[in-house]
Amino acid sequence: MAYNLKTRIWQTGALDWWAMLDNEDVYLGSREFPLPPEEGDEWHVKKTGDYFKIIDGEIRKLGNKPVTVEPWLE
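Okay, so let's go over this structure.

## Some details on the side chain of Thr7
Here comes step 1: The topology assignment puts Thr7 in the segment before strand E1 (9-11).
Here comes step 2: One polar contact links the side chain of Thr7 to the main-chain amide nitrogen of Ile59, over a distance of 2.8 Å.
Here comes step 3: If sequence neighbours within four positions are ignored, Thr7 has contacts with Ala19, Met20, Leu21, Gly57, Glu58 and Ile59.

Encoded structure:
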């Protein structure tokens, strides 16, 4: 178990984080992914809009929210 998580996670050479959720490879983000991941951490992936939280040692997808772009990045 990496980082005391029940969910299998890995990092690619491009520094992107992925997990196996419901037998599917799911993108967890890059800089958004909390390091080290701890119970209760939440994050929003900017590329996909997916929203995740660590509950009972497992990474769970809570849904998808629109990505807000900061005005200075437009």
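Let us keep going from here.
## Observations regarding the nonpolar core
Here comes step 1: Counting 14 residues, the largest nonpolar core has Ile9, Leu21, Leu28, Phe33, Trp43, Phe52 and Ile59 as its most contacted members.
Here comes step 2: For this core, the elements supplying multiple residues, two or more each, are strand E2 (17-21), strand E3 (24-29) and strand E5 (50-55).

## A closer look at the pattern of salt bridges
Here comes step 1: This model, assessed by the stated rule, comprises 2 salt bridges.
Here comes step 2: One salt bridge connects Glu42 with Lys53, and the closest N-O pair in it is separated by 3.3 Å. Taken as a pair, Glu42 in strand E4 (residues 42-44) and Lys53 in strand E5 lie far apart in primary sequence, 11 residues in all.
Here comes step 3: Given a relative accessible area of 41%, Glu42 falls into the partly exposed group.
Here comes step 4: Classification of Lys53 by relative accessible area gives partly exposed; the value is 24%.
Here comes step 5: For Lys61, the salt bridge goes to Asp50, with nearest N and O atoms at 3.3 Å. Taken as a pair, Lys61 in strand E6 (residues 58-64) and Asp50 in strand E5 lie far apart in primary sequence, 11 residues in all.
Here comes step 6: Lys61 sits in the partly exposed class, given a relative accessible area of 47%.

Reading the values: the criteria
Residues numbered from 1 in each chain as written. Predicted model: local features only at pLDDT ≥ 70, side-chain atom pairs only at ≥ 80, totals over all residues. Heavy atoms only, no water. Helix = DSSP H or I, 4+ residues; strand = E, 2+ residues; numbered from the N terminus. Polar contact = N/O pair within 3.5 Å; in protein donor to acceptor, adjacent residues only side chain to side chain. Contact = heavy atoms within 4.5 Å. Core = buried A, V, L, I, M, F, W, Y, C linked by side-chain atoms within 4.5 Å. Buried < 20%, exposed > 50% of the residue type's maximum accessible area, 1.4 Å probe, protein only. Salt bridge = Lys/Arg side-chain N within 4 Å of Asp/Glu carboxyl O.

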